[in-house]
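# Fold and contact review
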Amino acid sequence: MSTLEEQIDVEAPVLAAWEQLHRVHDYPRFVCGVRSAHPHGRNLAHLGVEIAGAARDVETEITDRGRGRVMAWRTVDGLQLHGAFALLPLDGGRTRVQIRVEYDPEAVHEVFGGPRGFALAGAVERAVRADLELFRELVEGRVAAAGASDD
């Protein structure tokens with residue numbers, strides 16, 4: 001298993017970032033390769049994913065761990081991936097978003113093709129960084145829009 005950890009600071013209160021993580025239908029807006037996302041059941045989500053031209057349907061389980069603002073996720077069929085988001089309030093208006101992703105590089109290659117070895121690790125790292133940037137833009141945009149409507 002390979003592990004990737006990244007983080008980004010968001011100009012938004014922790015509650016705004018937490019609520020955005022739970023808007024499953026918005027995942028295509030900030031998760032690389034996710035083309036559709038639909039929550040169902042209590043903690044499940046169906047994701048339509050396309051990576052390197054290979055399309056797959058993926059079932060995921062999403063769980064919250066305690067009051068520490070940690071949201072864990074794992075695939076429940078096919079390719080086994082798992083990880084967690086942790087949200088740390090920096091102050092009243094800023095949040096650090098940390099992500100940890102664990103994956104089997106050979107399994108990722110078998111399912112989606114593409115590079116192997118360091119090239120695959122680099123591709124996963126770039127995708128996760130891009131996801132975090134898109135997440136930040138989405139959350140900050142919602143906070144700004146909500147602030148503008150309060151005026």
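Structure first, text after, so check above.
Let me sum up the structure you'll find in this document. (Residues numbered from 1 in each chain as written. Predicted model: local features only at pLDDT ≥ 70, side-chain atom pairs only at ≥ 80, totals over all residues. Heavy atoms only, no water.)

## Details of the nonpolar core
Rule in force here: By convention a nonpolar core is built from buried Ala, Val, Leu, Ile, Met, Phe, Trp, Tyr and Cys residues, the set being connected through side-chain atoms within 4.5 Å. Burial classes: relative accessible area under 20% of the type maximum marks a residue as buried, over 50% as exposed, and values in between as partly exposed (1.4 Å probe, protein chains only). The contact criterion used throughout is that any non-hydrogen atoms of two residues lie within 4.5 Å.
In terms of nonpolar packing, the biggest core is built from 35 residues, with Y27, L47 and V97 touching the most fellow members. Apart from residues lying up to four places away in sequence, L47 is in contact with Y27, V34, S36, A37, R56, D57, V58 and T60.

## Considering the side chain of T60
What counts, and what does not: In DSSP terms, a helix is any run of H or I states spanning at least four residues, a strand is any run of E spanning at least two, and both are numbered starting from the N terminus.
By the element assignment, T60 lies in strand 4 (residues 54-65). For T60, the contacting residues outside a window of four places in its chain are N43, L44, A45, L47, R74, T75 and V76.

## A short note on the packing of aromatic side chains
Put simply, the test is: Paired rings are identified among Phe, Tyr and Trp, the last through its six-membered ring, by centres lying within 6.5 Å, and are further divided according to the angle between planes into stacked (under 30 degrees), edge-to-face (over 60) and tilted (the rest).
Tallied over the entire structure, the rule returns two aromatic pairs. Consider the rings of Y27 and F30, whose centres lie 5.6 Å apart with planes at 70°: the pair is edge-to-face. With Y27 and F30 both in helix 2 (residues 27-30) and three residues apart, the pair spans about one turn of that helix. Accessibility assignment for this pair places Y27 and F30 in one class, buried. Ring geometry for F30 and F135: centres 5.1 Å apart, planes at 65°, overall edge-to-face. Linking F30 in helix 2 with F135 in helix 4 (residues 117-150), this pair joins segments that are 105 residues apart in sequence. When sorted by exposure, F30 lands in the same class as F135, which is buried.

## Quick look at the pattern of salt bridges
Note the following rule: Whenever a carboxyl oxygen of Asp or Glu lies within 4 Å of a side-chain nitrogen of Lys or Arg, that contact is scored as a salt bridge.
In this structure the tally under the stated criterion is 10 salt bridges. E5 is the salt-bridge partner of R100, the closest N and O atoms lying 2.3 Å from each other. One end of the pair, R100, is in strand 7 (residues 94-103); the other, E5, is in strand 1 (residues 2-10), and 95 residues separate them in sequence. When its relative accessible area of 35% is taken as the criterion, R100 is described as partly exposed. Two residues, R74 and E61, come together in a salt bridge whose shortest N-O distance is 2.8 Å. In this pair, R74 is assigned in strand 5 (residues 70-75) and E61 in strand 4, connecting sequence segments 13 residues apart. A relative accessible area of 38% places R74 in the partly exposed class.

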